[in-house]
Amino acid sequence: MWRDLAPIGRDAQSKGYRRYAWTPADADCRTWFKEQAEARGLTYELDRNGNQWAWLGDPTAGDAVVTGSHLDSVPDGGPFDGPLGVVSSFAALDELRRRGAQFTKPLAITNFGDEEGARFGLACVGSRLAAGQLTVPAARRLRDADGVTLPEAMERAGYDPTAIGPDPERLARIGAFVELHVEQGRALDLSGDPVGIASAIWPHGRWRFDFAGEANHAGTTRLVDRRDPMLPYAETVLAARREAELARAVATFGKIAVEPNGVNAIPSLVRGWLDSRAADQESLDQVVAGVEKAAREHAERHGVDLTVVRESFTPVVEFEHALRDELAAILGAGAERRVPVLGTGAGHDAGILSGSIPTAMLFVRNPTGVSHSPAEFAAEDDCVAGVLALADVLEGLACR
Ligand code: HGY
Ligand code: MN
Ligand code: MN
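Here's what I pulled together on the structure shown here. Quick caveat: nothing in here was measured; it's all calculated off a predicted structure.

It is worth spelling out the coordination of the manganese ion (ligand 2) at this point. Within the first shell, the manganese ion (ligand 2) binds the protein through Asp-81 (OD), Glu-116 (OE) and His-372 (NE2), at distances of 2.0 to 2.2 Å. Written as a sequence motif, the donor residues of the manganese ion (ligand 2) are D-x34-E-x255-H. In this structure His-372 comes out as partly exposed when scored by relative accessible area, which is 39%.

This is the structure we're talking about:
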């Protein structure tokens, strides 16, 4: 399965993945998912929001145990973020069949669409739509860098965008959703464990800072006559780092768009996107307020106009304790050591769905902690340990 997926959407130069929502690479990943489902005799379903489901047993029986993740990537993302959870779900089912496990509840494997929000800027679109956390009008307004809206992109990919919307009946069928994901940090490397259980997801969001100045000639415009938006932008990036350090949080300006983006032209507009996350809401609010305050002061000083728009936000997620503890009990049974429980600063579909159904996450060791990079890596032994752990969890939850 891993080898079949590997070449899809992989850039020859960067060796990173460019699997953006509703693009041909995304379509190829979706085809792979459907083939894996059908190869196992699972009932394939595509839901109204373009999420893919592979069912074993009667989906309408209720109390289903569901596992899966996403197949889309950030720009030049790594091979594991998302796909490890989907591949491990199919592999865990294969393992359970090898064990002769008898399912007493329906099981489903899922691929949630557009988790990374790389193309339209909002994370977890597929799961947010299903959970009613993204309204249809707001979804229809999403636009990519070329001005293509989400509905247009879905239509071009052969999907019916008029069907999108909340899917409470589908979520009501689910008793528990467990997502396996490569760890995006080094906690398991430091603790020496191949697998961990998630406790919480930090509150996190994305804010767009638009600095509007005055386009002019780079060579003939005196410094005192400039309204150069690049300067307050640069000072704001440094302010974000300071605010994050003060609040023991993280803040990243990872994406910038400059108009007209010419070497010899003072920009008319600089757009910068802030991603900030913190262990608690108060710290996150402190960082964002501090960055915005600094941005306004610097913009004012340079005669530049500033607008700030919050484009994506996810409140803190505390995974349901009963399910978290059930995973710990299942994985701890007979093991010589307790499976570590750890928080994360990375968002996931399991976080979005935790507002609607009981969800939990398993993390697989990432020896360098690097993610959202072609260098993202997990050792095969650890990936196998993740599959076996997921199989144990699914057996414990769905094969009583
Ligand atoms: O950005 C995140 O935390 C996730 O990878 N979407
Ligand atoms: Mn990611
Ligand atoms: Mn992910």
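Let's shift gears to the site of ligand 1. By nearness alone, every residue bordering ligand 1 is listed as Glu-115, Glu-116, Arg-277, Ala-346, Gly-347 and His-372. In the model, a nitrogen atom of ligand 1 is placed 3.1 Å from a nitrogen or oxygen of the Glu-115 side chain. Contact distances for ligand 1 include 3.0 Å between an oxygen atom and a side-chain N or O atom of His-372. In isolation ligand 1 has 210 Å² of accessible area, and contact with the protein removes 95% of it. The class makeup of the residues in the shell around ligand 1 is 1 nonpolar, 2 polar and 3 charged.

Let us look at the coordination of the manganese ion (ligand 3). The manganese ion (ligand 3) binds to the protein through His-70 (NE2), Asp-81 (OD) and His-181 (NE2); the donor distances cover 2.1 to 2.2 Å. In primary sequence terms, the donor set of the manganese ion (ligand 3) follows H-x10-D-x99-H. The distance between the manganese ion (ligand 3) and the manganese ion (ligand 2) comes to 3.4 Å, with Asp-81 serving as a donor to both metals. With Asp-81 in the loop between strand S3 (64–69) and helix H3 (83–99) and His-181 in strand S5 (residues 174–182), this pair connects stretches of sequence that are 100 residues apart. A residue is classified by how much of its surface remains accessible, and His-181, at 1% relative accessible area, is buried.

So, how was this worked out
Position numbers for residues count from 1 along each chain, tracking the sequence in the order it is written. The lettering of chains begins at A and the numbering of ligands begins at 1, in the order of writing. For a predicted model such as this one, the threshold for reporting local features is a pLDDT of at least 70, and the threshold for listing and counting side-chain atom pairs is 80 or more; totals across whole chains, interfaces and linings nevertheless cover every residue. No hydrogens and no water enter the side-chain calculation; it runs on all heavy atoms of the structure. Here the coordinating atoms are restricted to nitrogen, oxygen and sulfur within 2.8 Å of the metal centre, or 3.2 Å for Na, K and Ca, and because water is not among them the sites may look incomplete. The buried label applies to any residue whose accessible area, calculated with a 1.4 Å probe on protein chains only, is under 20% of its type's maximum; exposed applies above 50%, and partly exposed to all values in between. Any residue with a non-hydrogen atom lying within 4 Å of a molecule or strand is treated as near it. The term polar contact refers here to a pair of N or O atoms within 3.5 Å; inside protein, the definition further demands a hydrogen-donor-capable atom paired with an acceptor-capable atom, and it admits residues adjacent in sequence only when both atoms are side-chain atoms. Under the convention used here, a 1.4 Å probe and the Shrake-Rupley method define accessible areas, while residue burial counts only the protein chains that appear. Think of it as three bins: nonpolar holds Ala, Val, Leu, Ile, Met, Phe, Trp, Tyr, Cys and Pro, charged holds Asp, Glu, Lys and Arg, and polar takes everything else, Gly as well. The helix and strand labels rest on DSSP assignments: H or I over at least four residues marks a helix, E over at least two residues marks a strand, and numbering proceeds from the N terminus.

Everything listed here is a matter of geometry and, on its own, says nothing about what the molecule does.
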